[in-house]
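# Coordinate analysis (summary)
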Amino acid sequence: MTTLLREMVEELRGGTEGADVCAIGVGAAGTVEWPVGRIRWAPNNNYENWDVRGLLEASCGLPVVVDNDGNVAGLAEARLGGTRNDDMVLLTVGTGIGAGIVLDGKIYRGPHGLGAEVGHMNVNPDGPKCGCGNHGCLEAVASGTALTRMGPQRRPCTTRGA
């Protein structure tokens, strides 16, 4: 990943538009240690204790900010969406389920940095195993991955009557 980002920065710097690249921002899936920029753990990826910020700063020579992807998506929508919202919640549904909570115009991280980890709320203790190791997390029953897994288990719909 660092090689790809370094190449992108070099391409932008050398482009005909003369882009002035002065920093890199990364929205990363998983638990990100803020403001250190280390991905502590990403249950849907094979990341653990990955110092993304340190590696990118060393590779590209630019300041780097790394945060959870749901957090940065929520902040971007709050500030740049059709209407500015200083207080909002944004849900992301894809491989997993995430969220970004914005209060008073700032990302809410909670006391331990996990304020918006809604995908790992337990909604069915007898439900399927989640990538985090628990059973019945919202992510295990409602993410794109879960729907893909459950699709073949469902009986096809039939039409009644002629």
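Residues numbered from 1 in each chain as written. Predicted model: local features only at pLDDT ≥ 70, side-chain atom pairs only at ≥ 80, totals over all residues. Heavy atoms only, no water.

## Focus: helix α2 (residues 52-60)
Taken residue by residue, α2 has V52, L56 and C60 as its buried positions. Down the axis of α2, the smallest arc covering the buried residues is 30°, so these residues share one side. Once α2 finishes, G61 follows within two positions and takes phi at roughly 70°, a positive value. (Buried < 20%, exposed > 50% of the residue type's maximum accessible area, 1.4 Å probe, protein only. Helix = DSSP H or I, 4+ residues; strand = E, 2+ residues; numbered from the N terminus. Arc of directions from axis to C-beta.)

## Some points on the pattern of salt bridges
In the structure shown here, the tally under the stated rule is four salt bridges. Note that E57 is salt-bridged to R53, the shortest N-O span being 3.3 Å. Here E57 and its partner R53 are both found in helix α2, four residues apart, which amounts to about one turn of the helix. The partly exposed category is assigned to R53, whose relative accessible area is 28%. Note that D86 is salt-bridged to R84, the shortest N-O span being 3.0 Å. On the accessibility criterion, D86 (36% relative accessible area) is partly exposed. We classify R84 as exposed; its relative accessible area is 51%. (Salt bridge = Lys/Arg side-chain N within 4 Å of Asp/Glu carboxyl O.)

## Remarks on the side chain of E139
Within the fold, E139 resides in helix α4 (residues 138-142). No salt bridge is formed by the buried E139, whose closest oppositely charged neighbour, R149, lies at an N-O distance of 9.2 Å. For E139, the residues in contact, after removing those within four places along its chain, are N44, G96, I97, G119, H120, C130 and A146. (Lys, Arg positive; Asp, Glu negative; His and termini not counted. Contact = heavy atoms within 4.5 Å.)

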